[in-house]
Amino acid sequence: MKVAVLRFPGTWSENDFAHALTLVDAEPEILWHADADLHGYDAAIVPGGFTYGDYLRAGAIAAISPAAAELKRAAAEGMPILGSCNGFQILCEIGLLPGALVRNRHLEFRCDWVHLRIESDRTPFTAELVGQIVRMPIAHGEGCWVADELTLARVEANGQVVFRYTDARGGATPEANPNGSTANIAGVANEGGNVVGLMPHPERCSEELLGGTDGRLVLAALTGVRHTGRAPASVQ
Amino acid sequence: MLPEAHREGPLTTYVATIRVRPKAEIRDPQGEAIAGALRSLGTDVADVRTGKEIVVRFAAADEGAAHAAATSMGDQLLANPVIEEFVVQVAAE
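None of these values were measured; they are calculated from a predicted model. (Residues numbered from 1 in each chain as written. Chains lettered and ligands numbered in written order. Predicted model: local features only at pLDDT ≥ 70, side-chain atom pairs only at ≥ 80, totals over all residues. Heavy atoms only, no water.)

(A) Geometry of the interface of chain B and chain A. Each side of the interface is counted separately: chain B has 15 residues, and chain A has 13 residues. Carbon and sulfur atoms supply 66% of the area that chain B and chain A bury against each other, a total of about 1,200 Å² over both sides. Its largest share of buried area at the contact with chain A, chain B owes to R27, P29 and L77 of chain B, together 39% of the area lost on that side. Ionic pairing is found between E84 of chain B and R57 of chain A, a salt bridge with its closest N-O pair at 3.4 Å. (Contact = heavy atoms within 4.5 Å. Buried area = accessible area lost by both parts, 1.4 Å probe. Salt bridge = Lys/Arg side-chain N within 4 Å of Asp/Glu carboxyl O.)

(B) View of the sheet that holds strand 2 (residues 52-60) of chain B. All names here are of chain B. What the three strands build is an open sheet, ordered 2-1-3; its pairing is antiparallel. Every other strand in the sheet has two partners, leaving strand 2 and strand 3 (84-92) as the edge strands with one partner each. Strand-to-strand twist of the sheet, defined as the mean angle between neighbouring strand axes without regard to direction, takes the value 20°. The sheet contact formed by strand 1 (residues 12-22) and strand 2 spans nine bridges and is antiparallel. Looking across to strand 2, one finds that V15 is bridged to R57. Packed on one face of the sheet, helix 2 (residues 63-78) meets strand 1, strand 2 and strand 3 and runs near 150° to strand 3. (Pairing = 2+ DSSP bridges. Helix = DSSP H or I, 4+ residues; strand = E, 2+ residues; numbered from the N terminus. Axes fitted to C-alpha atoms, helices over the stretch in contact; angles between N-to-C directions.)

(C) Broad picture of the sheet that holds strand 7 (residues 133-140) of chain A. All names here are of chain A. Overall, mixed pairing links the nine strands, which are arranged 2-1-3-4-11-10-9-6-7 in an open sheet. The strands lining the two open edges of the sheet, one partner per strand, are strand 2 (27-32) and strand 7. Here the strands of the sheet are splayed against their neighbours by 25° on average, with no regard to which way each runs. In this sheet, strand 9 (residues 161-166) lies alongside strand 6 (residues 110-118) in antiparallel orientation, the contact comprising four bridges. Bridging across to strand 9, L116 finds its partner in Y165.

(D) Quick look at the pairing of strand 2 of chain A. Strand direction decides the pairing type here: strand 1 (residues 2-7) of chain A and strand 2 of chain A, joined by six bridges, are parallel. Residue pairing across strands places V3 of chain A opposite P28 of chain A, the latter belonging to strand 2 of chain A.

(E) Examining helix 1 (residues 29-40) of chain B more closely. Residue and element names in this part refer to chain B. In this model, helix 1 (12 residues) spans 16 Å end to end at C-alpha, consistent with the 16 Å of a helix rising 1.5 Å per residue. Taken together, the buried positions of helix 1 are P29, G31 and A35. Seen along its axis, helix 1 keeps its buried residues to an arc of 155°; they face one direction. At the exit of helix 1 stands G42, carrying a positive phi of roughly 95°. (Expected span 1.5 Å × (residues − 1). Buried < 20%, exposed > 50% of the residue type's maximum accessible area, 1.4 Å probe, protein only. Arc of directions from axis to C-beta.)

(F) Fine view of helix 5 (residues 214-223) of chain A. Residues and elements named next belong to chain A. Among all positions in helix 5, only G215, R216, V218, L219, A220 and L222 are buried. Looking at the packing, one finds that the buried side of helix 5 touches strand 1, helix 1 (14-22), strand 3 (43-46), strand 4 (81-84), strand 7 and strand 9. Of the residues trailing helix 5, G224 is marked for its positive phi of about 80°.

(G) Structural detail: the nonpolar core. Of all hydrophobic cores here, the largest spans 64 residues; its most connected members are L71, I81, L82 and F163 of chain A. What I81 of chain A contacts, discounting residues up to four positions off in sequence, is A44, V46, L71, A74, A75, L91, F125, N194, V195 and V196 of chain A. (Core = buried A, V, L, I, M, F, W, Y, C linked by side-chain atoms within 4.5 Å.)

(H) Quick look at the pattern of salt bridges. Per the stated rule, a full pass over the model turns up 15 salt bridges over all chains. Two residues, R27 of chain B and E32 of chain B, come together in a salt bridge whose shortest N-O distance is 3.0 Å. Taken together, the shared-partner salt bridges in this structure form one network comprising R117, E119, E156 and R164 of chain A.

(I) Looking closely at the side chain of N86 of chain A. Structurally, N86 of chain A is set in helix 3 (residues 86-94). Within the local environment of N86 of chain A, its side chain forms a polar contact with the side chain of Q89 of chain A, the two groups lying 2.8 Å apart. (Polar contact = N/O pair within 3.5 Å; in protein donor to acceptor, adjacent residues only side chain to side chain.)

(J) Seen up close, the packing of aromatic side chains. Residues and elements named next belong to chain A. Evaluation of the coordinates by the stated rule reveals one aromatic pair over all chains. Here W12 and F50 contribute two aromatic rings whose centre-to-centre distance is 5.1 Å and whose plane-to-plane angle is 75°, an arrangement assigned as edge-to-face. Taken together, the positions of W12 in the loop between strand 1 and helix 1 and F50 in the loop between strand 3 and helix 2 (66-76) put the pair 38 residues apart, joining distant regions of the chain. Lying over the aromatic face of W113, R135 brings its terminal NZ or CZ to 4.2 Å of the ring centre. (Phe/Tyr/Trp six-rings, centres within 6.5 Å; stacked < 30°, edge-to-face > 60°. Lys NZ or Arg CZ within 6 Å of the ring centre and 35° of its normal.)

Shown next, in the form of structure tokens:
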């Protein structure tokens with residue numbers, strides 16, 4: 001499976017994603033945003049970072065890049081697209097995902113591990129994972145997902161909430177919410193389910209060496225390869 | 001704004017001020033923090049809302065065209081309609 005990993009000025013998680021994708025037998029290729037052509041790829045990743053320095057709004061300037069038009073085209077054709085952290089912000093700014101991400105309620109940048117409950121199996125990144133509680137790292141200052149009441153009701157009713165911040169037992173409590181996000185929402189999908197965004201970083205928890213492997217579940221759901229048996233890069 | 005070849009008459013330089021602020025129903029934690037800080041100075045503050053001001057200089061045929069161009073900038077990039085609203089003010093330089 002060929003997976004395009006997009007790189008904008010200020011993207012910083014593209015190499016981590018490319019590496020993690022190889023652990024589930026994908027063939028990642030990092031594409032520069034300005035001339036990204038997604039034809040011939042099976043999926044696309046919009047990684048985290050601070051594109052264009054978060055100027056104007058997080059993801060706002062990347063959202064008018066030529067890559068945005070290409071992502072819209074590919075999304076309409078049903079391509080699985082995953083945005084993490086700044087990638088989630090970019091996909092919301094493009095309008096491929098509902099809602100928007102604003103400053104954390106407490107104004108703090110949060111770099112931490114969180115628990116998430118996987119709420120939907122309607123996406124290529126969570127097939128067969130619904131109900132699982134996973135643990136992933138976050139690192140963001142603007143991860144508070146908001147939407148108007150109508151959008152929130154529609155997203156909940158359509159099963160477009162994909163990840164919710166919970167405690168270790170799966171309780172979506174206020175204490176488990178790291179940024180004040182509406183209804184503890186950590187990740188959403190588009191109506192078709194093929195475009196998914198989440199604030200946590202699956203690419204940073206795909207190997208034991210990094211303190212967790214739950215992120216690999218999300219990437220493995222995409223490729224259908226749970227474990228390649230490959231040794232971590234550090235000991236290869 | 002029309003492409004250059006289709007414009008008629010001389011162009012004037014306009015300065016557009018686009019003020020972007022969070023919609024009323026969107027919480028503004030920055031504003032809340034500033035309100036707390038002002039209160040700590042002993043000021044009796046009921047509420048603070050923050051926003052940003054973007055000033056753009058460009059040439060346009062007349063004020064109407066300049067206003068339309070600045071509004072289009074707000075719609076396409078400067079404000080996110082999910083969370084923000086904006087007002088445009090235009091003046092000839």
